[in-house]
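So you can see what is in the structure, the chains are spelled out below.
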Amino acid sequence: MTPNIEIIERESRFTSGVYGKRQVAIVRGSGALLWDADGREYIDCASGMGVASIGHGRSEIAAALAAQAQRVITCPEIFYNDVRAQLLERLARITPAGLERFFLCNSGTEAVEGAFKFARLATGRTGFVAALRGFHGRTMGALAATWERHYREPFAPLMPGVTHVRYNDLGAMDRAITEETAAVILELVQGEGGVHIATPEYVAGVARLCRERGALLIVDEIQTGFGRTGRLFACEHYDLQPDILCLAKALGGGVPMGVIALGTRVIESGRIGKGVHGSTFGGNPLACAAALTTLDILEREHLPQHAEQLGAHAVDRLSSLRSPLIRQVRGRGLLIGIELTRKAQPYLEMLCERGILALPAGPNVIRLLPPLVIEEAQLNHVIDVLAEVLGATTEPVQPAEQPVSEAPEVALLQQMLMIPSLSRQEGRLAHFLAEQARVMGLHASVDEAGNFVACTHAEPGEIQPVVLLGHMDTVPGNIPVRLEDGVLYGRGAVDAKGPLAAFVVATARAHQRGELSRPVVVIGAVEEEAATSRGARAVVQRYQPAACIIGEPSGSAAVTIGYKGRLLLDCCVECDLSHSAGPQSSSSERAAAFWERVRQHAEAWNAEHAGASAFAALMPSLRSISSESDGLIDRTRFMIGYRLPPEFDITGLRRQLVQWACEADIHLSFSGEEAAFRSTRTTPLARAFIAALRATGQAPSFKYKTGTSDMNVVGPVWGQNIVAYGPGDSRLDHTPQEHIRIAEYQHAIRVLELVLQEIAGGREAER
Ligand code: PLP
């Protein structure tokens, strides 16, 4: 049972059952990223339902909370408080003009409930007008104004006197506002109801009708407030001064807080007196401290402007997607809806499987509500994945702003290097490769895992194919693409775009010459560099290849026939903070002691088993370590990666590690477990390489690598007729100097063509 499943099972046993939950147990976040208990990373386009606008894991919020918690946490509004005073002043300064006084509460629904009470008091009337598809919360008053029937009907009778009218229909509003109307309540962008944007004429018209008829205008900015739509408040897009403004969600940076902002007409009614409303937790200093820090961050990092720019870019890109599933794209800032012609739920699940958490908005709309700190590359990746999931074609990708080589095989690799493709962000490259492969006469597409797949045959048929399995993703670190003196520089030149480009070119050339009768499938897998190897796992059951070449650099004259295994450990140790002069070990000392134990164990194991051979050795490495303290808890997180030799007892090692972790009270989770895999130099494929290398004037050699590759994933299923091959010096993998010699790249293409003739040519296919 994985840690994720364990949490899900434990929570499921006792949770109320009112939520339709996703099968993800979130345990950590940073910026726009979240991680589940199994260590899987997600790009967050839900923001905790519009809360985490400043991003997850903000140390400023943690520090503000810790400092305030040590001063005073609770202080109801029957007393005055310094932090609350600051927040009230700040709210008065930043909210639209005319809003003078503020009631602090704990959630959006509560803000709406209070707004209704204040509106009734101020006007002496009882009725409310709300909009179709509006959402205002789930308690008896707020629920009465919420449109969705199945939220409301089981709980009737609700607060009476609420009329619903069509949104953006001023005539309907005109008919609905009567002398009994205390207030109209509206969202300026309907979030839950499908991302519908109010027109300026409608908003101005409703405000006028309210003024003329003595009704108040309550604007619900619980979702749109604090920068979400590209302005601090959506009211600013309309130059609107509401009588009551409801706020919540993003204000507390994740800490619950709501606000009812009251305008002149409410205050001047003279009816908002002592005792008419109250809340124990409302305006507590802890939430106020978090809100002040959140507002500082929103201002300092210009997040509303960022939301406006990125939102416009995202809506542009989404609008250029062509898919029969997309009906319309709507958005304002980073509140974006993609209306589908079908139910959104299955597509939300597909997104989740691909590491993207998004929300529905009504039955047919996918809603993107990312933290406002999301980076452009992350949002682009979200759009790439959406395009894949919705089977959309994009406008043709034009990566080549710099001059590209006249040699087509070099131009292909050069353009591939110009498209960034970190793990889980391979979508653009996959579509580019599919386009290029089609131009070169192959049948190409992007599969449901996001892999680029090109085949010499339209249908696989009965004959076992030859599979050339490369990968598209690279490690981070931009290296400007340049071609100089026969050397091509760029991230991924060696690992592994060079080998993948060589696969595509060699296959297309052999196919164009009519040399291939056995189908050849070229795959550019996703997530090889991540612990997940998701691309390879998605294809391992799809094919039963006659032979497989893995696309990894081996130098064009050598062939790799074995990779070590791996095991990754995520560890966390926590203790109460104590004085450094005291007797208690700090979390970093305990982490260091654990690492020392791991290191010594490997040293002893190697002395007994491995001798001097690096391939046979047990190789642990401390990949990262970081300590933090919030003033109360001292915490160290560290990651250990093992390189495992063949036939190694991984289960035994895991058991041993768990025991040490228990003894040291360290929390441990495993990921990226792969056994070592090795083949031999006598397989038909290895022999074909020997012949091809000799035919091109090279002396063949064979290598075992101490790293891992997708061979570890597919080798155990696809069998021994497997090698890894590709141009490039693997010592340049992951380095800032990554580059490939063009002559070597071209030599590798020639070798691959000869190998394909041998193993997929007419003679071989007849056997
Ligand atoms: N109003 C709007 C516009 C909302 O989007 C929501 C929540 O999604 C609410 C009210 C209710 O807020 P809460 O869930 O904090 O009670």
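Note that this is a predicted model, so its numbers are computed, not measured.

Reading the values: the criteria
Residues numbered from 1 in each chain as written. Predicted model: local features only at pLDDT ≥ 70, side-chain atom pairs only at ≥ 80, totals over all residues. Heavy atoms only, no water. Domains from an automatic or database assignment. Contact = heavy atoms within 4.5 Å. Buried area = accessible area lost by both parts, 1.4 Å probe. Salt bridge = Lys/Arg side-chain N within 4 Å of Asp/Glu carboxyl O. Polar contact = N/O pair within 3.5 Å; in protein donor to acceptor, adjacent residues only side chain to side chain. Phe/Tyr/Trp six-rings, centres within 6.5 Å; stacked < 30°, edge-to-face > 60°. Helix = DSSP H or I, 4+ residues; strand = E, 2+ residues; numbered from the N terminus. Buried < 20%, exposed > 50% of the residue type's maximum accessible area, 1.4 Å probe, protein only. Lys NZ or Arg CZ within 6 Å of the ring centre and 35° of its normal. UniProt positions renumbered as here; feature names shortened; annotations may be inferred. Pairing = 2+ DSSP bridges. Axes fitted to C-alpha atoms, helices over the stretch in contact; angles between N-to-C directions. Core = buried A, V, L, I, M, F, W, Y, C linked by side-chain atoms within 4.5 Å.

Student: What should I look at first to understand the domain arrangement of the protein in this one?
Tutor: Split by domain assignment, the protein resolves into domain 1 (3-54 + 328-389), domain 2 (82-266 + 279-300), domain 3 (408-563 + 678-766) and domain 4 (565-674). Computed over C-alpha atoms only, the centres of domain 1 and domain 3 are separated by 33 Å. The interface is formed by 8 residues belonging to domain 1 together with 12 residues belonging to domain 3. Taking both partners together, domain 1 and domain 3 bury about 900 Å²; carbon and sulfur atoms supply 45% of that area. For the pair domain 1 and domain 3, the number of links is 0 salt bridges. Counting every contact that joins domain 1 to domain 3 gives 1 residue pair in polar contact (both at pLDDT 80 or more).

Student: Just checking my understanding: could you explain the packing of aromatic side chains for this structure?
Tutor: In this description, a pair of aromatic rings is defined by centroid distance and the angle of the planes. Within this structure, the stated rule accounts for 9 aromatic pairs. Where phenylalanine 103 meets phenylalanine 118, the ring centres are 6.0 Å apart and the plane angle is 65°; that geometry is what we call edge-to-face. In this pair, phenylalanine 103 is assigned in strand β4 (residues 99-105) and phenylalanine 118 in helix α5 (residues 108-123), connecting sequence segments 15 residues apart. Across the pair, exposure class does not vary: phenylalanine 103 and phenylalanine 118 are buried alike. Judged by centre distance (5.1 Å) and plane angle (70°), the ring pair of tryptophan 605 and phenylalanine 648 falls under edge-to-face. Linking tryptophan 605 in helix α20 (residues 587-609) with phenylalanine 648 in the loop between β28 (633-644) and α21 (650-663), this pair joins segments that are 43 residues apart in sequence. Pair check on accessibility: tryptophan 605 and phenylalanine 648 agree, each one buried. Residue placement shows arginine 138 over the ring face of tyrosine 151; its charged tip is 4.0 Å from the ring centre. For the cation-ring pair, arginine 482 lies above tyrosine 489, with the distance from its terminal atom to the ring centre recorded as 4.0 Å.

Student: What am I meant to see in unusual backbone geometry here?
Tutor: Comment: phi is negative for the bulk of residues other than glycine, and the bulk of peptide bonds are trans. Residue proline 157 follows alanine 156 across a cis peptide bond; omega there is 0°. Relative to the assigned elements, proline 157 resides in the loop between α7 (149-152) and β6 (162-165). Of the consecutive residues aspartate 495 and alanine 496, the connecting peptide bond is found in the cis state with omega at 5°. Here alanine 496 lies in helix α18 (residues 493-512). A positive phi angle is found at methionine 49, which is not glycine, with a value near 60°. Among the structural elements, methionine 49 can be located in helix α2 (residues 47-50). A relative accessible area of 46% means that methionine 49 is categorised as partly exposed. Even without a glycine there, the phi angle at glutamate 527 is positive, about 60°. Mapping glutamate 527 onto the fold places it in the loop between β23 (520-525) and α19 (534-540). Assessed through its relative accessible area of 1%, glutamate 527 is described here as buried.

Student: How should I be thinking about the UniProt feature "binding site: pyridoxal 5'-phosphate" (unreviewed entry) in the protein in this particular structure?
Tutor: Following the UniProt record, one finds the feature "binding site: pyridoxal 5'-phosphate" (unreviewed entry) at Gly108, Thr109, Phe135, Asp220, Glu221, Ile222, Gln223 and Thr280. The largest pairwise C-alpha distance within this set of annotated residues, which runs over 173 residues, is 25.5 Å, so the set is dispersed in three dimensions. You can see aspartate 220 is positioned in strand β10 (residues 216-220). Setting aside its immediate chain neighbours within four residues, aspartate 220 contacts Val112, Phe135, His136, Ile185, Leu186, Glu187 and Cys246. Within polar-contact distance, the side chain of aspartate 220 engages the side chain of histidine 136 at 2.8 Å. Mapped onto the elements, isoleucine 222 comes out in the loop between β10 and α10 (235-238). In this structure, isoleucine 222 is in contact with Gly108, Val112, Cys246, Leu247, Ala248 and Lys249, ignoring residues within four places of it in sequence.

Student: It is not clear to me how the sheet that holds strand β21 (residues 482-484) should be interpreted in this structure. Could you clarify?
Tutor: One key point about sheets: their strands pair by backbone hydrogen bonds, in either a parallel or an antiparallel sense. Strand order in the open sheet formed by 3 strands is β21-β22-β33, with antiparallel pairing between adjacent strands. Among the strands making up the open sheet, the edge pair consists of β21 and β33 (739-741). Taken over all neighbouring pairs, the strand axes of this sheet differ in orientation by 20° on average, direction set aside. By the bridge criterion, 3 bridges tie strand β22 (residues 487-489) to β33 in an arrangement that is antiparallel. Pairing of tyrosine 489 across the sheet is with histidine 739, part of β33. The strands touched by helix α16 (residues 408-418) within the sheet are β21, β22 and β33, with β22 carrying the most contacts at an inclination of about 20°. Lying over the sheet, helix α24 (residues 742-760) contacts β21, β22 and β33, oriented at roughly 65° with respect to β33.

Student: Teacher, can you tell me more about the side chain of threonine 636 here?
Tutor: Structurally, the position occupied by threonine 636 is in strand β28. A distance of 3.2 Å separates a polar side-chain atom of threonine 636 from the backbone nitrogen of serine 588. If sequence neighbours within four positions are ignored, threonine 636 has contacts with Cys571, Cys572, Val573, Ser587, Ser588, Ala591, Ile625, Ser626 and Ser627.

Student: Is there a simple way to explain the nonpolar core in this structure?
Tutor: The nonpolar side chains of a soluble globular protein tend to be buried with one another. Within the largest apolar cluster, 93 residues are counted, with the highest numbers of intra-cluster contacts made by Met173, Ile338, Ile366 and Leu368. Residue contributions to this core peak at 9 residues, all from helix α12 (residues 285-300). Shared between two domains, this core takes at least three residues from each, and those domains are domain 1 (3-54 + 328-389) and domain 2 (82-266 + 279-300). Counting residues in hydrophobic clusters, the runner-up holds 63 residues, among them Val504, Ala547, Leu685 and Ala748.

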